[in-house]
Each structure stands twice: as structure tokens, then as C-alpha cells.
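Observations on the model geometry
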Amino acid sequence: MAAMSVGQMVELFVKPGAPIYVKAFDGSTYGSEDAPVTLIIRNSRAIYYLVNAPGELGLTRAYLQGDIDSPQLDPGNPYALFGKLVDVKPYLRTPNPAQLAKALASVASHGIRRPEPPAIEGPGRMRRMSEGLLPHTRKGDAATVSYYYDQSNDFYVLFLGPSMTYTCAVFDSPDTSLEAAQKAKLDLVLDKLALKPGDRLLDIGCGWGSMAIEAAKRGIHTLGVTLSEEQVEWGQRWICQEGLQDLAEVRLMDYRDVPEGDFDGICSLGMMEHVGYKHYPAYFQEIYNKLKPGAMLLNHQITRCNSHQGKKAGEFIDRYIFPDGELSSPAEIEMTIQDTGFEVINQENLRQHYALTLHRWNENLSAHWREAVAMVGEPKARLWGLYMAGCAYNFEHNNIQIHQFLCAKPDRTGTDVYPLRPWWPRH
């Protein structure tokens, strides 16, 4: 029996007429050359990646290593190519067992191989647990956050820009600059919390310190906590450069270990994705206990669109982006907030704003592509381009959302003590 060509294998999985042209290293092809997108399979390692890890993980490994490529690809901003590949999805099919066996036998005829995954790939869930890194424990959270954030700060600057704010910006219009939109988001959070000079704010998962800086400029005493040493170093240096040492501090600390209490406000921007759904009650209870009666929480997090979607991320996100990351629906989050004892004052969906934010980050990465590759290597640079473009697509198509929940800890004198919201309605 003659071994199958790569083009013939592709035909087993993709129906005729699909809007894609595939060129393989063995000289075979699939589809029409005038298709809107061309994929190039550069070597046999790509095939072995797909055989050993069918689906998104195998594809990711091949793409990050450059084994799969395209002449239409902008690796810093692959959004356009991403959309064209989504158009191929309706043409995918599952081979019958005999066809699949023939394809696997063709691969095996060239030898059984299990290529090493890219060096930047993190361990899977089972391996992390075997090493004692249990999900959403202090030790596990510290390890996963360090894996994600303890990289070159200069690399993050390339696409986040000088604000170093790694959460959704808020745009007055699509023409608003990224810096202006990020400041608008920080101002929106502070306005919602209705904090005044002299008040005390705790910023959970503070990133590189942009909220601490902005709040301190308003005269608000701010403590930011993060599990990333790189972020602490950057944040403390930034605070000193601004001369805000008397008002702002960034600490290397788990939010559960913060000894202070009676805060006038707490914000958590993009941190809940790391908490884990089963830990939501303990998370909100910890925050509730750290707030004064009558004080506010602003919780800002990526969400699923409904309660029927699974909580856990896929293998790509788990191994490369957010180890142990989980998302849930706005309804599930709000129910937990209310059950903790908070009153939810306002809930706002910023889905479209996050899509715009991600487009700006991709544009920045594309503009600084050579610098990014020189700093972190092409696989990691490709990873970030792919991840951000994929997120932009999913926000735009309402596959995921991002919500802000403004919550009040009731006072014994009733809810009328809460100040009127100067931010509502927002234009």
C-alpha cells in the first residue's frame, strides 16, 4: 500500500471546496491556488505534532515553531488570517476509522516520533498537580502568575505601551488612543468607587502599578499587591519616579495575606480569571472582610456568555497563557457576590472595548516585531500575537465578555449612605 501524501491526508479532514490552499513539504497540495488563504506545512514535525496532540495543542506547537506558516501571516497581528481560518471550520470533517488508520499508517511508515514541544510550553494540569502545584492554592497561584508575568518588562512595554495596563481600556470612539482609553478606564473605576483624597484603596492583582499611580495622583492612599516580582520592581520604581511614595505602594503578596483592613475601596482588575470558580465564595468573603461598612468593591473580569459553557480553559490557554484559568458567567458571579452580603450597585459589559484594546496591542506588537523576537524569541512573540488576535475575535463575536461589578458592603444605617454615582450615565 502506497503511503499517503500530506495533501491526501488533509483531504480526509477537509471537504472539497474549502476556502483554503495547502502546500506541503512533500510537494503535495490541497485546494485551489486562488483560495483566500494559503497554509504552508514546512516539515514533517508539524505532522507529528498533530498526530501526538490532535486539535488546538498540536496546531499551536506547529505554529509557534514555524512549522506551519502562511504568506498572508502577520505574526504580530494575525487577526485577518485568524478570521479566514475560521471560515474553513464548516468544511471540516471526521474521517472514518479505515481512512484514519490508513493516514496513521502512512505517518508511521516514516518512523514513530514524538517531537519535543516548544520550550515555552508549560506543564499540563496533571504534571503541575504531581509537583504539588495544586490549582488556586497560594503555592499554585504564585507559580502560575510567575510563569505568566515574570518575563521581560521591556517586552510587555512593546505592546501594552507606556501605561503598562494589562486590562480592558475604555474608548470614547474607535479613534481614541490606547493611552487615553486606558486612563479613561482607570478614571472610570475610581469614579465608580467614589473615593476621595485621604481614602484607602486596595488594588488586588495590581499589575505594574498603573492604578496605584492614578489613584495616588488623586490623593488616595493605595496598596497594590501582586505575585509577580517583575511587576513589583517596575511598580515601585514608577511610584518613586512620580514622587508618590507617601501615597502608593506595590507589594509582592497574596491578597489573602494582606494584614490591613477597613479599606474605603477595593478594586480587582483582570485578576479573577486566576481565582477558580469554586473559590469565588472565599474570594468575595475575603474582600468583604477587608472593607469598611458602606465601602465599595469594583470587580472587573472576563466572563463566559452563559452558565452552560464550561469553566476551564482549553489546552492552549492552560499550557501557554493562564494555567488553571477559569471563567464563569455574569449571573454566576453576581449570585456569589450577593450571597456574600454585597449589594450590586451596577454591572457593565465592556466586551466591545476589550476587542478594541486587543487590536491596539496587536498593532503595537506588529510594529515592534523585530524587537519582540530579539527579546523573547520568535515562538513567544508568535504566541502573544496569536493569543491576542484570538481573544479579539472572540470578544467581537460575543464568545466571551468582560464585566465590571460595582458592589457595596451595606452599612447598618442603610443603603442611602452611598454617594450618588458621578459616572452614570457615561457618554
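These lines cover the structure that appears in this document, whether it is placed above or below. (Residues numbered from 1 in each chain as written. Predicted model: local features only at pLDDT ≥ 70, side-chain atom pairs only at ≥ 80, totals over all residues. Heavy atoms only, no water.)

To continue, consider the overall build of the chain. From N to C terminus, the chain includes 17 helices and eleven strands. Residue burial in the chain is summarised as follows: out of 427 residues, 53% are buried. Across the chain, contacts joining residues at least 24 apart in sequence account for 73% of those joining residues at least 6 apart. Of the roughly 19,000 Å² of accessible surface on the chain, a fraction of 54% belongs to carbon and sulfur atoms. (Helix = DSSP H or I, 4+ residues; strand = E, 2+ residues; numbered from the N terminus. Buried < 20%, exposed > 50% of the residue type's maximum accessible area, 1.4 Å probe, protein only. Contact = heavy atoms within 4.5 Å. Areas by Shrake-Rupley, 256 points an atom, 1.4 Å probe, with all protein chains shown as cover.)

The tally for this structure, following the rule as stated, stands at 19 salt bridges. One salt bridge connects Arg-251 with Glu-249, and the closest N-O pair in it is separated by 2.9 Å. Residue Asp-254 pairs with Arg-256 through a salt bridge whose shortest N-O separation is 2.7 Å. Judged by its relative accessible area of 7%, Asp-254 falls in the buried class. Because the salt bridges share partners, they merge into one network encompassing Lys-183, Asp-187, Asp-191, Glu-214 and Arg-218. (Salt bridge = Lys/Arg side-chain N within 4 Å of Asp/Glu carboxyl O.)

Burial analysis of strand 6 (residues 221-226) places five of its six residues in the buried class, which makes it a mostly covered element. One ladder, built from five bridges, connects strand 5 (residues 200-204) with strand 6; its direction is parallel. Bridging from a neighbouring strand, Ile-204 pairs with Val-225 of strand 6. Each parallel crossover has a hand, and the one from strand 5 via helix 10 (residues 210-217) to strand 6 is right-handed. One ladder, built from five bridges, connects strand 6 with strand 7 (residues 248-252); its direction is parallel. (Pairing = 2+ DSSP bridges. Right-handed = clockwise from strand over helix to strand, strands pointing away.)

The next thing to look at is the environment of Ala-381. When you line up the elements, Ala-381 lands in helix 17 (residues 378-396). Spatially, the C-alpha atom of Ala-381 lies 7.2 Å from that of Gly-76, the residues being 305 residues apart in sequence. In contact with Ala-381, other than residues within four places in its own chain, are Leu-365, Trp-369, Ala-372, Val-373 and Val-376.

The contact between helix 2 (residues 44-52) and helix 3 (residues 56-64) brings their axes to 7 Å, and the two run at 160°. One way to sum up the angle between helix 2 and helix 3 is to call them roughly antiparallel. The element helix 2 and its partner helix 3 pack so that their crossing is right-handed. Contacts between helix 2 and helix 3 pair Ala-46, Tyr-49 and Leu-50 from the former with Gly-58, Leu-59, Arg-61 and Ala-62 from the latter. (Axes fitted to C-alpha atoms, helices over the stretch in contact; angles between N-to-C directions. Parallel < 35°, antiparallel > 145°, perpendicular 65-115°, else oblique. Left-handed = near helix turned anticlockwise from the far one by under 90°.)

Time to look at the environment of Ala-181. Secondary-structure assignment places Ala-181 in helix 9 (residues 178-193). The class for Ala-181 is buried, based on a relative accessible area of 0%. Residues Ala-181 and Thr-357 lie 176 residues apart in sequence; the distance between their C-alpha atoms is 8.4 Å. When sequence neighbours within four positions are dropped, the list of residues in contact with Ala-181 reads Ala-169, Val-170, Phe-171 and Thr-176.

Quick look at the environment of Met-4 now. Along the chain, the position of Met-4 falls in the segment before helix 1 (6-13). When the C-alpha positions of Met-4 and Leu-104 are compared, they lie 9.4 Å apart, and in sequence the two are 100 residues distant.

The next subject is the nonpolar core. Ranked by internal contacts, the top residues of the largest apolar core, which has 81 residues, are Phe-159, Trp-361, Trp-384, Tyr-387 and Phe-395. Looking at which element gives the most residues to this core, the answer is helix 17, with nine residues. Membership of the second largest hydrophobic core comes to 25 residues, among which are Leu-223, Val-275, Ala-295 and Phe-342. (Core = buried A, V, L, I, M, F, W, Y, C linked by side-chain atoms within 4.5 Å.)

The subject of this paragraph is the sheet that holds strand 3 (residues 38-41). Taken in spatial order, the four strands make up an open sheet running 2-1-3-4, and their pairing is mixed. Edge positions in the sheet fall to strand 2 (29-30) and strand 4 (68-69), since each of these pairs with one other strand and no more. Two elements, strand 1 (residues 21-24) and strand 3, share four bridges in a ladder whose sense is parallel. Counterpart to Lys-23 in the pairing with strand 3 is Ile-40.

Once that is clear, we can look at the sheet that holds strand 5. Strand order in the open sheet formed by seven strands is 7-6-5-8-9-11-10, with mixed pairing between adjacent strands. The open sheet is flanked by strand 7 and strand 10 (343-349), the only strands paired with a single partner. Sheet twist, expressed as the average angle between the axes of neighbouring strands with direction ignored, equals 15°. Running over the sheet, helix 10 touches strand 5, strand 6, strand 7 and strand 8 (263-269) and is turned about 170° from strand 5. Packed onto the sheet, helix 17 meets strand 9 (291-304) and strand 11 (400-408) and runs at close to 75° relative to strand 11.

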